[in-house]
Amino acid sequence: TDRATFVAATGPVTTITFNGLAPEGGYADINGQTYSGVTFTGEYDALLAISPSYAPTYYDWDSGDVAVGYYYGAHIYATLPANHFAVGADFMLAAWEEGATTGNMFAEITFADDTTFSIEPVSLTQPQRAFIGFISDKEIKMISFHTPDTTDSWFPLPIIDNVSIVPEPSTLGLVLS
């Protein structure tokens, strides 16, 4: 479904955006930074907040600065503070080759007991965006996003616009779009 359904099922959420982290027309290294208790890291120590005006074709999603995994196939990790049982995020892809604009985004939840749950890949066509939300009766430790590790001539970069967290929601279910 969508963010509205997720919020209706969970109640109030804390939403973390990346607005204001990158200079206008530029980018900033946010790897390892913590915002509202959530620590964001990128695989290969590369995670950038990028201003939409840096390269509007790829990064202008009408939502402000976005977090971008720097390499194809690289993971973006969002490690949650303790006692959170729901997480959601808006995400999209940026393709670097003309005409190659469709790809898959993968997401995985890691629980506090280190077990994992993989969410079915979501196929996106640039500039389409999607929301994924997950509600659990087990404490959630982390959510990660990545695109396929590929050697194709084009590579989609994983992008997240925001992450929403919810401590101990009263309703359980899975929301996926």
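This report concerns the structure included in the present document. (Residues numbered from 1 in each chain as written. Predicted model: local features only at pLDDT ≥ 70, side-chain atom pairs only at ≥ 80, totals over all residues. Heavy atoms only, no water.)

**Concerning the nonpolar core**
What tends to happen in soluble globular proteins is that the nonpolar side chains get buried as a cluster. Core analysis: the largest hydrophobic core is formed by 32 residues, its most contacted members being Phe40, Val87, Phe91, Ile109, Phe145 and Ile160. In this structure Ile160 touches Phe18, Phe40, Val66, Ala67, Ile76, Asp90, Phe91 and Phe145, once residues within four positions along its chain are discounted. Counting eleven residues, the second largest nonpolar core, distinct from the first, contains Leu48, Ile50, Trp61 and Val66. (Core = buried A, V, L, I, M, F, W, Y, C linked by side-chain atoms within 4.5 Å. Buried < 20%, exposed > 50% of the residue type's maximum accessible area, 1.4 Å probe, protein only. Contact = heavy atoms within 4.5 Å.)

**Structural notes on the packing of aromatic side chains**
Tallied over the full model, the rule gives eight aromatic pairs. Between Tyr54 and Tyr59, the ring centres sit 6.3 Å apart and the planes meet at 40 degrees, which makes this aromatic pair tilted. Here Tyr59 falls in the buried class, since its relative accessible area comes to 3%. Members of the aromatic cluster, connected to one another through ring pairs, are Phe18, Tyr35 and Phe40. Here the guanidinium or amino end of Lys138 rests over the ring plane of Phe111, the centre of that ring lying 4.5 Å away. (Phe/Tyr/Trp six-rings, centres within 6.5 Å; stacked < 30°, edge-to-face > 60°. Lys NZ or Arg CZ within 6 Å of the ring centre and 35° of its normal.)

**Thoughts on the sheet that holds strand β12 (residues 140–146)**
Read across the open sheet, the six strands follow the order β3-β4-β7-β12-β9-β10; overall the sheet is antiparallel. Edge strands, defined here as strands with exactly one partner in the open sheet, are β3 (33–35) and β10 (116–125). On average, each strand axis in the sheet is inclined to that of its neighbour by 20 degrees, with strand direction left out of account. Relative to β12, strand β9 (residues 102–111) is paired through six bridges, and the arrangement is antiparallel. (Pairing = 2+ DSSP bridges. Helix = DSSP H or I, 4+ residues; strand = E, 2+ residues; numbered from the N terminus. Axes fitted to C-alpha atoms, helices over the stretch in contact; angles between N-to-C directions.)

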